Amino acid sequence: MVKAKVAFFVYSEGIQPGPPPTINAPIMLIAPASIPGNYSFAISFGVQGVDVKKSNKLQVVFCDPNDNPVQDTGVIELPANAQQENAAGEELQGFVLNMDFRNMLLEMSGEYSTKIMFNNEIIEQKYITVIAGKR
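Residues numbered from 1 in each chain as written. Predicted model: local features only at pLDDT ≥ 70, side-chain atom pairs only at ≥ 80, totals over all residues. Heavy atoms only, no water.

Asks: Mind showing me how you'd approach the nonpolar core here?
Replies: The nonpolar side chains of soluble globular proteins are, as a tendency, buried together. If you look at the biggest cluster of nonpolar residues, it comprises 26 residues, and the most contacted ones within it are Tyr11, Ile30, Phe41, Ile43, Phe45, Phe62 and Leu106. Within the residue set of this core, elements represented by two or more residues are strand E1 (5–16), strand E4 (37–48), strand E5 (56–63), strand E8 (94–106), strand E9 (110–118) and strand E10 (121–130). Looking at this core element by element, the count peaks at 5 residues for E4. (Core = buried A, V, L, I, M, F, W, Y, C linked by side-chain atoms within 4.5 Å. Buried < 20%, exposed > 50% of the residue type's maximum accessible area, 1.4 Å probe, protein only. Helix = DSSP H or I, 4+ residues; strand = E, 2+ residues; numbered from the N terminus.)

Asks: Honestly, the pattern of salt bridges in this entry has me stumped. Any pointers?
Replies: When charged atoms on two side chains of opposite charge get close, those side chains can pair. Evaluated as defined, the whole model comprises 4 salt bridges. Note that Lys115 is salt-bridged to Asp67, the shortest N-O span being 3.0 Å. One end of the pair, Lys115, is in strand E9; the other, Asp67, is in the loop between E5 and strand E6 (69–72), with 48 residues separating them in the sequence. When its relative accessible area of 40% is taken as the criterion, Asp67 is described as partly exposed. Across the pair Arg102 and Asp100 runs a salt bridge, and its minimum N-O distance is 3.1 Å. (Salt bridge = Lys/Arg side-chain N within 4 Å of Asp/Glu carboxyl O.)

Asks: Looking at this model, I keep getting lost on the packing of aromatic side chains. Mind explaining?
Replies: Each aromatic ring pair is characterised by the separation of its centres together with the angle its planes make. Tallied over the full model, the rule gives 8 aromatic pairs. Considering the side-chain rings of Phe9 and Tyr11, the 4.9 Å spacing of their centres and the 75 degrees angle between planes classify their relative orientation as edge-to-face. Phe9 gets classed as buried once you look at its relative accessible area, which sits at 14%. Its relative accessible area of 6% is what places Tyr11 among the buried residues. Ring plane angle 35 degrees and centroid distance 5.9 Å describe the contact between Phe62 and Phe101, whose orientation is recorded as tilted. Pair noted here: Phe62 is in strand E5 and Phe101 is in strand E8, with a separation of 39 residues, a long-range link. For Phe101, a relative accessible area of 3% puts it in the buried group. (Phe/Tyr/Trp six-rings, centres within 6.5 Å; stacked < 30°, edge-to-face > 60°.)

Asks: Is there a simple way to explain the sheet that holds strand E2 (residues 22–26) in this structure?
Replies: Strand pairing within a sheet occurs via backbone hydrogen bonds; the two strands may be parallel or antiparallel. Within the open sheet, the 4 strands sit side by side as E2-E1-E4-E8. Their pairing is antiparallel. Each having just a single partner strand, E2 and E8 make up the two edges of the open sheet. Within the sheet, the average angular offset between the axes of one strand and its neighbour, ignoring direction, is 40 degrees. Relative to E4, E1 runs antiparallel, the two being bridged by 7 bridges. Bridging across to E4, Lys5 finds its partner in Gln48. (Pairing = 2+ DSSP bridges. Axes fitted to C-alpha atoms, helices over the stretch in contact; angles between N-to-C directions.)

Laid out in structure tokens, this is it:
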């Protein structure tokens, strides 16, 4: 049995719709004009090792420095796709997801995180620093 894993993850200023979609301005930190303040950004990630012939569950949670959820997708049901074949094997089957976070209220500076849960298990947690930017 192959275990799902995050193949890549990027925070960015946004995603240009495709095909193919384009990641605009990858970022290493978030700097709204003030804290608290609102900020829009996007995440892109890919998950491999997915058994696409059975239904799966995905959840993404963006948390503040105290690990309190700021944004939670809730559980997203991914239906089975019995027709999909992958010559590379199950360990490389998966999906890419782009997600926009618009006007997120960031109430404090510090290290925020994005948790990616697959079938009720955290398979990755990525961090990004939030600081007050220049006015």
